[in-house]
Every structure is written in structure tokens, then in C-alpha cells.
Amino acid sequence: MNLKNKVLSGVMLSLVVLATASPLTTVKADSFDAQIAAQNAKIDAAAGDAAAGNAAVAEIQKQVDDANARLKDLEDQSLKNSAQITSLAASIKDRNDSLKAQARSAQTEGGATSYINTILNAKSLTDVVQKVTAMSQVVNTSNAMVKQQEADQKALLQKQADNQKAYAEATTLKQQLDVQGQQLQVAQLSLQVTLATAQDQKNSLLAQKATAEAAATAAVAAQAKINATQKQQESTTNSNPAPIVQNGGGSTGSTPSTPSTGDDYSGPYPWGQCTWGVWEYFGKSINYRGNAADWVVYANSGLAVGTIAVFPGGVDGADPVYGHVAVVVKVNGDGSFVVSETNAAGGLGVRVTRLIPNASGVSFIRP
């Protein structure tokens, strides 16, 4: 979504020149008509620039609308993937339970010995064939379950990777929308400055424009950082896929590190998001995949200090599509607990603590 920067910059420059033009010097009464004519010429020129500015505003608005449509598609895709992840995780668990039961049964019944006893105790050759055939069908069914288990585990990993990619793209789109929104405000304020007739109104609008331009510059810098993070994330995802279940390896007493806002950031999660904050807290040693809400498949603990709290969409203020994750730093006797989190009250990259009234609907991961 590349903006027509050259065109927009040229229009805005001409608007600023017109808006900040020096007032006319004092002249005699007999030159009053000349002053009016000069002012009318400026108004005519401003009207021409306003037409060009309106075209630039319309172009930015179209790009904003396109970005919003794409963001809606990504959120719909993410919700669908999360539902499939939950279903696959449940199927994998049920199939694991069934395979474990069959393994215990085979050990109890003696494995190969059961085949021999079946043959020795058979009443006829036909009886032998029927019993051996039945036992083979059981074995074949187990083999088919193992193959389906492998296929579902592979599909689960792919869905998590797809969701993480969609999450990164949505983060970038939101940042682009912020940039475009600031640029749209700049363009609109430029038009107002050009068409303003009172000098005090012009000065006020120019101040607003300067503020909007500063915010747009900051948003562009933030977008560049998001783009760099996304490239690094894609590289990390392709070269180092995470396992379905992780046990151990994390410290429950880690001290939060100072957030890095430099251009050299190259972590596996979008900078400043809640997933980034948990990764930072645990010394950059964790590697869970998918959106924050998708981390529920890694749940392996109850509420405890040092665990990762996973909030599904809408629970305790979590994003309705992507969910939220945080680190439990204190557990109270009444069932409430305190979390350390980022991208909450303070925005991107700002770590805050918050009291959660209870653990209803929340899952926990022991890294």
C-alpha cells in the first residue's frame, strides 16, 4: 500500500507556503483595490491546490478502507484457525488416551503370547483364521490411529504457524493504518489551513498540522520496526519450528528485562505485543506459536506464581480475536492474582502490573 508520497508532499508543501505567507505590507488607500486583487489571486490559487489536496485525501482514504478490509479478513481467518487448533488438540488428546489404553491392554494380555494361545486354543483351522484375522484388524486400527495422530499433529503445527503469520501481518496492517490515519489528518488539516481566512485560525491549524506530522513521523518509524520484526519472525519460524508440548526450561523467578526499542530488535514475536512481553520476562527463552489465545494448547498448570496466564478473546479485557498472555507474579488468598504484562494499559512495549479478580476462563502454562 504505497502512498503517492511525491504527489502528496508537493501538494502539502504548496499548502504550507500559502498558509504561512507573510502579511501584505501597509499601503496607501489608493492601493486597496490592488491588495484585494492580490488576495483574490491567492484564494484562487488555494482553490486549485485544495482540489489536488482533496484527490490526495481520497487516495489515502481508499488505502485505509482497503487495509481495514484486509484486517477484517485476517481476523476472520485467525478465528477459524483458532477453532481448528482447539479441535485438533482435542482429537490428539483423545487419540493419545486410546493408544495408551491399547498399549496397556497389549502388555496385560502378553503381546505375541496372545497370538500363540489363540492358535493353541482354537477348535479348528477356521477358528484360528477368524481369531488371527480379528487380532490383525485391531493392530491395523492402531496403526491407522498412529498415522492419523501424526497427520493431526502436523496440521496443528501448520495452523499455529498460519495464525502466527496472520497475527504478524495484522500487526503490520494496524501500524500502517495508524500511519495512514496520521497522514490523512495532515492532508485534511493542510486543506483547512489553505482555505482559512482568519490569521489566528491559520496559526491554530498550523500548530495542529505540526503535531500531526510529528505523530506521522513516529508512526512511520514504528512501522519500520514492525516490518523488521515480521521478517525476523518468518525466518525464525521457518528454521526453528516449536514442538507441540514443551516441558521445563524456564525460570519462574526471572526479573523482567528492560524493553528494547532499538532498531536492532530481532525477536520471534512482534515488538511490544503481549507475546513479546512474556518472551522478554522469561529471558527470551520461550518459543510458543500462534496468537496469544492459541497458547491454550500448551496449558500444563494451575494458577501459580511464575506461570503464563492465557486469556481467551474477551476474557478480562483480552483482544476478542487474538486473546492475551501475561505472567503471574502474585497469587492472593481470595483467588485473585497479579500479572505483569505489556501492550495493555500502557500500550506497545510498556510493562505494567494488573490485578485479575479470579482465574475463571484463564489457562496457565508452566514454562
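Note that this is a predicted model, so its numbers are computed, not measured.

Analysis parameters
- Residues numbered from 1 in each chain as written.
- Predicted model: local features only at pLDDT ≥ 70, side-chain atom pairs only at ≥ 80, totals over all residues.
- Heavy atoms only, no water.
- Helix = DSSP H or I, 4+ residues; strand = E, 2+ residues; numbered from the N terminus.
- Buried < 20%, exposed > 50% of the residue type's maximum accessible area, 1.4 Å probe, protein only.
- Contact = heavy atoms within 4.5 Å.
- Areas by Shrake-Rupley, 256 points an atom, 1.4 Å probe, with all protein chains shown as cover.
- Pairing = 2+ DSSP bridges.
- Axes fitted to C-alpha atoms, helices over the stretch in contact; angles between N-to-C directions.
- Salt bridge = Lys/Arg side-chain N within 4 Å of Asp/Glu carboxyl O.
- Core = buried A, V, L, I, M, F, W, Y, C linked by side-chain atoms within 4.5 Å.
- pLDDT = per-residue confidence, 0-100.

When helices and strands are counted, the protein chain shows six helices and five strands. Sequence-ordered secondary structure for the protein chain, helices as α and strands as β, is α-α-α-α-α-α-β-β-β-β-β. Every one of the 367 residues in the protein chain was classed for burial, and the buried ones make up 38%. Taking contacts inside the protein chain between residues at least 6 apart in sequence as the whole, the part at least 24 apart equals 70%. By element, 55% of the accessible surface of the protein chain is carried by carbon and sulfur atoms, the whole surface being about 19300 Å².

Quick look at the sheet that holds strand β5 (residues 363-365) now. Sheet strands pair by backbone hydrogen bonding; their relative direction is either parallel or antiparallel. Strand order in this open sheet of five strands is β4-β3-β2-β1-β5, and the pairing throughout is antiparallel. The two strands at the open ends of the sheet, each matched to only one other strand, are β4 (347-356) and β5. Taking the axes of each pair of neighbouring strands and ignoring which way they run, one obtains an average angle of 35 degrees across the sheet. Most of the contacts of helix α6 (residues 274-281) go to strand β2 (residues 324-331), to which it runs at about 45 degrees, and overall it touches β1 (308-311), β2, β3 (337-344) and β4.

We now examine the environment of I43. Relative to the assigned elements, I43 resides in helix α2 (residues 32-109). Sequence-wise, I43 and A196 are 153 residues apart; in three dimensions their C-alpha atoms are separated by 9.6 Å.

So, on to the environment of L79. When you line up the elements, L79 lands in helix α2. Through-space distance from the C-alpha of L79 to that of D294 is 9.9 Å; in sequence the pair is 215 residues apart.

This brings us to the pattern of salt bridges. The tally for this structure, following the rule as stated, stands at seven salt bridges. In this structure, the salt-bridge partner of R95 is D152, at a minimum N-O distance of 3.0 Å. With R95 in helix α2 and D152 in helix α4 (residues 125-195), this pair connects stretches of sequence that are 57 residues apart. We classify R95 as buried; its relative accessible area is 15%. By relative accessible area, D152 is classed as buried at 10%.

This part covers the nonpolar core. The biggest cluster of nonpolar side chains holds 36 residues, and the ones touching the most others in it are V278, I286, Y288, W295, I308 and V325. Taken together, the elements giving at least two residues each to this core come down to α2, α4, α6, β1 and β2. The element that contributes the greatest number of residues to this core is α4, accounting for eight residues. In terms of nonpolar packing, the next biggest core, distinct from the first, is built from 11 residues, A309, F311, V315 and V328 among them.

Turning next to the environment of Y167. Here Y167 is to be found in helix α4. Note: C-alpha distance between Y167 and N291 (124 residues apart in sequence) is 6.3 Å. If we ignore the near neighbours within four places in the chain, the residues touching Y167 are P270, Q273, C274, T275, N291 and Y322.

So, on to the confidence of the model for the protein chain. Considering every residue of the protein chain, the mean pLDDT works out to 75; 66% of them sit at 70 or more. In this model, residues 10-29 is a region of pLDDT below 50 whose contacts with residues beyond four sequence positions or in other chains number 27 contacts. With pLDDT under 50 throughout, residues 236-260 is counted as low confidence; its partners more than four residues away or in other chains account for 37 contacts.

β3 sits mainly inside the fold: six of its eight residues count as buried. Relative to β3, β2 runs antiparallel, the two sharing four bridges. Bridge pairing in β3 places V331 opposite F337. As consecutive antiparallel partners, β2 and β3 are separated by five residues, and within that stretch G335 has a phi angle of approximately 95 degrees, a positive value. The hairpin formed by β3 and β4 contains two residues between the paired strands.

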